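# Examination of the molecular architecture
Each chain, letter by letter, is given below.
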Amino acid sequence: MTNHEPIIPHLFRTEYRKIVSVLCRHFGFREIEIAEDIASETFQVAMQAWGLEGLPPNPAGWLYNTAKNKAKNYLHRESIFRDNIAPGLKNIEPQAAGDDIDLSLQNINDSQLQMMFAVCHPAISREAQIGLSLRILCGFGIDEIATAFVTNKEVINKRLFRAKEKLRKEKVQIELPPPLEIDARLEQVLTTIYLLFNEGYYSVSQNNTLRKELCLEAMRLCTMLIENPDTNKPQVNALLALMCFHASRFDARMNGNGEIILYDEQDSSLWNTDLINKGGYFLSMAAQGSKLSRYHLEAGIAAWHTQQSDSPEKWEGILHLYNQLLQREYSPVAALNRTYAVAKVRGKEVAIAEAERLNLPENHFYYALLGELYSGLNDDKARLHWLTALSLAKTDADKEAIRKKLGV
Amino acid sequence: MEEYIVIMRLDLLTKEAQPSPEQMEGYMKQYHDWVGGIAAQNKFSGGKGLAVEGKVLKFNDMITDGPFVEIKESVAGFIIIKAASLDEAVEMAQKCPILKGEGNSVEVRKIVSVHES
């Protein structure tokens, strides 16, 4: 069994969502727990059987067949119940009974995409959307989700349970939204993918492998949207481009001890050129059409950051993109980053004046930025700002980075 | 926070007063930096530029070509900002780069709903 240990978690990540999505589409969202149970049991059986008999020639196909048989047994039991035990009950939907479960590639892909729209339904909270996506679409365990959100299993279990109840109550269908609604619903899906990626990229969880996995899953989900012509829209390509550019620096952002390495100090030879090229490709695909989303702007900024050497064009470009981004949607992080770009383009004095208007007295990055801007101009003031930043910093990694600036 | 509209007036018509494409690019950069600085304080509510072509409708079904050919100050665009007071709004508007051009002007007005006023 030891031989198959790496392959089972891998298959779990890739195949769990397919099985749940197909079964759920077949049963209806009402029975999502049944679909999840069947998918989980299928993997349990695989662990035992493969441990004894060795790996089958087509592990994924084996999983589908087993899941299909389990589903058939379940439906058979259901039909006995329906025909013999509950003839008077009219509330069981007749659809699922006899017809076969369709495990064609096309149906698997369609079902996953539809599932993505179902779990990102606006009826449930953002947090629940991400949680359900992680569980159902990315095959994450409850423990892993709890670690990613820095909370405990009970909280996650409750959150997911309530979200599923809500989706059932709202009678959310597993289907693609009609063409006219796709853009609006797609926005929800993209936000969820984006937050999922950020959860991995900026996570305070110390588990580096898990963080990377979160990012890769977000990229996988986005790729699924691009592979379907109905959802292959410019903003989807822009989001994938953005994630490729960010992910290209994943290995350079942290040293062996899990400490954050600031952009200026990153070893650019560790940047993944393959991902940078992919980002460029998807950004060019995103340029088709006239729609400009926040993902276009952020991908543009991330693209500039893949050029390590400073040039006036680079920082002018970044500043301009932040100006536009902030007009669309304010965020303190974007405001701070914009001010850094102001310093690069217009000099530190101008940037200090802009920074002091930002009014973010609880944000340690705000004081870190002021420390950075004052250093060289007024080192005493810089030091005071760094000390304030240190007192406000929440994670060890942030504290360590600030201490380095203070030279202590 | 109250909302204030910042109306920007420029000479859009006198030929000699129009900037070259290079100047225009420089002005746009300054303009975006100004608006970006307001947005970075979370005090930007919206804004639009206006095309030169337009019509002016008057009493008695009279329609003339606009905007306001008889004066050199036409409304070129506006932004809506959030500020605690008129003074603060004026302070932000003072940094509007169009004020570097002679004859240009910026008007700041508090936005009130018709029901409030």
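Naming follows an unreviewed UniProt entry, where chain B appears as YciI family protein of Dyadobacter fanqingshengii. Its UniProt record, at the heading Sequence similarities (unreviewed entry), says of chain B: "Belongs to the YciI family."

Looking up chain A in an unreviewed UniProt entry gives the name RNA polymerase subunit sigma, with the organism given as Dyadobacter fanqingshengii.

## Some thoughts on the overall build of chain A
Secondary structure summary: chain A contains 18 helices and zero strands in total. Principal axes of the C-alpha set define a box for chain A whose edges measure 85 × 50 × 35 Å. The buried share of chain A, taken over its 408 residues, is 51%. Taking the intrachain contacts of chain A between residues at least 6 apart in sequence as the baseline, contacts between residues at least 24 apart amount to 66%.

## Considerations on the pattern of salt bridges
Residue and element names in this part refer to chain A. Per the counting criterion, the structure on display carries 32 salt bridges over all chains. Residue glutamate 127 is joined to arginine 159 by a salt bridge in which the shortest nitrogen-to-oxygen separation is 3.8 Å. With glutamate 127 in helix H5 (residues 126-137) and arginine 159 in helix H7 (residues 153-169), this residue pair connects regions lying 32 residues apart in the sequence. Looking at glutamate 127, the relative accessible area reads 44%, which means it is partly exposed. One salt-bridge network, in which partners are shared between bridges, spans Glu33, Glu36, Arg135, Lys164, Glu165 and Arg168.

## Focus on the environment of Ser74(B)
Residue and element names in this part refer to chain B. The topology assignment puts serine 74 in strand S5 (residues 74-83). Taking the relative accessible area as the measure of exposure, serine 74 reaches 0% and is therefore buried. Put simply, serine 74 and tyrosine 31 are 43 residues apart on the chain and 17 Å apart in space, counted from C-alpha to C-alpha.

## As for the packing of aromatic side chains
Where two aromatic rings form a pair, the distance of their centres and the angle of their planes describe that pair. All names here are of chain A. Scanning the model with the defined rule gives 11 aromatic pairs over all chains in all. Between tyrosine 194 and tyrosine 295, the aromatic rings sit 5.5 Å apart at their centres with planes inclined by 65°, giving edge-to-face as the arrangement. Highlighted residues: tyrosine 194 in helix H8 (residues 179-201) and tyrosine 295 in helix H12 (residues 294-305), separated in sequence by 101 residues. Between tyrosine 366 and tyrosine 367 the ring centres are 5.1 Å apart and the planes differ by 70°, which places this aromatic pair in the edge-to-face class. Members of the aromatic cluster, joined through ring pairs, are Phe12, Tyr16 and Phe43. Geometry around tryptophan 271 places arginine 249 over its ring, the cationic atom sitting 5.8 Å from the centre.

## What to know about the state of the cysteines
Throughout this description, disulfide means a covalent bond between two cysteine sulfur atoms. Residues and elements named next belong to chain A. Enumeration according to the criterion identifies zero disulfides over all chains in this entry. Free of any disulfide, cysteine 215 has its nearest cysteine sulfur in cysteine 138, 11 Å distant. Looking at cysteine 215, the relative accessible area reads 3%, which means it is buried.

## A short note on the UniProt feature "domain: RNA polymerase sigma-70 region" (unreviewed entry) in chain A
UniProt's entry tags residues 11-78 of chain A with the feature "domain: RNA polymerase sigma-70 region" (unreviewed entry), counted in the numbering of this structure. Annotated as 87% helix and 0% strand, the span residues 11-78 of chain A places its first and last C-alpha atoms 29 Å apart.

Definitions and cut-offs
- Residues numbered from 1 in each chain as written.
- Chains lettered and ligands numbered in written order.
- Predicted model: local features only at pLDDT ≥ 70, side-chain atom pairs only at ≥ 80, totals over all residues.
- Heavy atoms only, no water.
- UniProt positions renumbered as here; feature names shortened; annotations may be inferred.
- Helix = DSSP H or I, 4+ residues; strand = E, 2+ residues; numbered from the N terminus.
- Buried < 20%, exposed > 50% of the residue type's maximum accessible area, 1.4 Å probe, protein only.
- Contact = heavy atoms within 4.5 Å.
- Salt bridge = Lys/Arg side-chain N within 4 Å of Asp/Glu carboxyl O.
- Phe/Tyr/Trp six-rings, centres within 6.5 Å; stacked < 30°, edge-to-face > 60°.
- Lys NZ or Arg CZ within 6 Å of the ring centre and 35° of its normal.
- Disulfide = S-S within 2.5 Å.

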